[in-house]
Amino acid sequence: MSARTRGFLVLMTTTLVVISALAAVFEATRNRVESNRARALWRHAQSLTGVDDLHQRGTPPAAGSAIRLDDGRGLLFGSVEGYGGPIDFLVLLTPSHAIAGMRVIRHQETPGIGDFIDQPDSDWMRQFIGIDAESVHQIDAKTGATITTDALWRGVHGLVKKVEGLQ
Amino acid sequence: MNTASIAVAGIVERNPAWIQMLGLCPLLAVSSSVVNALGLAAASALVLIGSNTIIALMRNVLPHFARLPAFMLLIAGLTTLAVMLMEAFAYELYLGIALFVQIIVTNCIILGATSPDQLSANLAALEEGPLSENALRTCDVIWSALKGPAPKYNR
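The following refers to the structure shown. Quick caveat, the model's predicted, so the values are computed rather than measured.

**What about the interface of chain B and chain A?**
Part 1 of the argument: Across the contact, 28 residues belong to chain B and 30 residues belong to chain A.
Part 2 of the argument: For the pair chain B and chain A, the two sides together bury roughly 2400 Å², of which 74% comes from carbon and sulfur.
Part 3 of the argument: Here chain B and chain A share two salt bridges between them.
Part 4 of the argument: For E92 of chain B, the salt bridge goes to R43 of chain A, with nearest N and O atoms at 3.2 Å.
Part 5 of the argument: Mapped onto the side of chain B that touches chain A, the elements with two or more residues apiece are α4 (67-89) and α5 (91-101) of chain B.

Right under this line is the structure:
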């Protein structure tokens, strides 16, 4: 066998082994990962809304849906494609459809550039509070993180519009 | 060189982070707490030791030209594996450092030169110059088929 053929075969075998190992681990850990994510999501939702029995609702609703809280506020579940992958977020709406709070719960944006979105108390994130869906685009972009900020504008705007349309 | 002096050299004289000042980005960004620092250290060790061991075992069947791709494949695979395991079994740690663990891939290519041969192969690959016209055109064709709704950014 020539070195070329051997190299090709070894590389193909390595690829297959690596992919199978990843697929096996993905399957084996799927349930655990999902319950970890659900727990983290409810924790964020509880700190955002101040309602502390949300986790009793079990599996969180899919992105693009919402739940109405007892006091008339709406908790919206969203996901939008960012720079490095999906950005999952929550939006809390007042009964008059103003944004009362916003929380990014999961993202893969570039460390040091796009990851400012996971700081809910930052000045930038607080700009979302008190505005309605139409004003979201007036929030300043962040230098160097155009895609990340654009994704959040689109995500929040689209999610609020969608949920308003469902009513 | 005996085992003890190799170990000392690895920890002190040839420590990439300490002496060569390599791989500092994830190191400094993540070492904000002992748990995060140890988590990143464990993930790096898993990927580096795992990929080096497997490459060493494959050395005799792997022709020279296939070493770099095989090494990259193994490092990328093991890094993804480390992130997946972290997400399943250490979710808090995952939230804190997962973004940085993926930087291990680049670090391992630089730090993981297991032999002078491999290092010079890496350096030689850097000097190969641009890809051929033909290869670039093929890249464009593949990209135009795959790009879909990808945002225009730095492209």
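**Re the nonpolar core**
Part 1 of the argument: Ranked by size, the top nonpolar core spans 32 residues in total, and within it L62, M86, I97 and V101 of chain B carry the most contacts.
Part 2 of the argument: When contributions to this core are tallied by element, the ones reaching two or more residues are α1 (3-49) of chain A together with α3 (34-58), α4 and α5 of chain B.
Part 3 of the argument: Here this core takes ten residues from α4 of chain B, the largest share from any one element.
Part 4 of the argument: Counting residues in each nonpolar core, the second largest holds 26 residues, with V91, I99, F116 and A151 of chain A among its members.

**Considering the packing of α1 of chain A against α4 of chain B**
Part 1 of the argument: Following both chains from N to C, one finds α1 of chain A and α4 of chain B inclined at 15°, their axes separated by 8 Å at the closest point. The orientation of α1 of chain A with respect to α4 of chain B, classified from their angle, is roughly parallel. Where α1 of chain A crosses over α4 of chain B, the two elements pack in a sense that is left-handed.
Part 2 of the argument: Residues that form the contact of α1 of chain A with α4 of chain B fall into these classes: 16 nonpolar, six polar and three charged.

Reading the values: the criteria
- Residues numbered from 1 in each chain as written.
- Chains lettered and ligands numbered in written order.
- Predicted model: local features only at pLDDT ≥ 70, side-chain atom pairs only at ≥ 80, totals over all residues.
- Heavy atoms only, no water.
- Contact = heavy atoms within 4.5 Å.
- Buried area = accessible area lost by both parts, 1.4 Å probe.
- Salt bridge = Lys/Arg side-chain N within 4 Å of Asp/Glu carboxyl O.
- Helix = DSSP H or I, 4+ residues; strand = E, 2+ residues; numbered from the N terminus.
- Core = buried A, V, L, I, M, F, W, Y, C linked by side-chain atoms within 4.5 Å.
- Buried < 20%, exposed > 50% of the residue type's maximum accessible area, 1.4 Å probe, protein only.
- Axes fitted to C-alpha atoms, helices over the stretch in contact; angles between N-to-C directions.
- Parallel < 35°, antiparallel > 145°, perpendicular 65-115°, else oblique.
- Left-handed = near helix turned anticlockwise from the far one by under 90°.
- Nonpolar A, V, L, I, M, F, W, Y, C, P; charged D, E, K, R; others polar.

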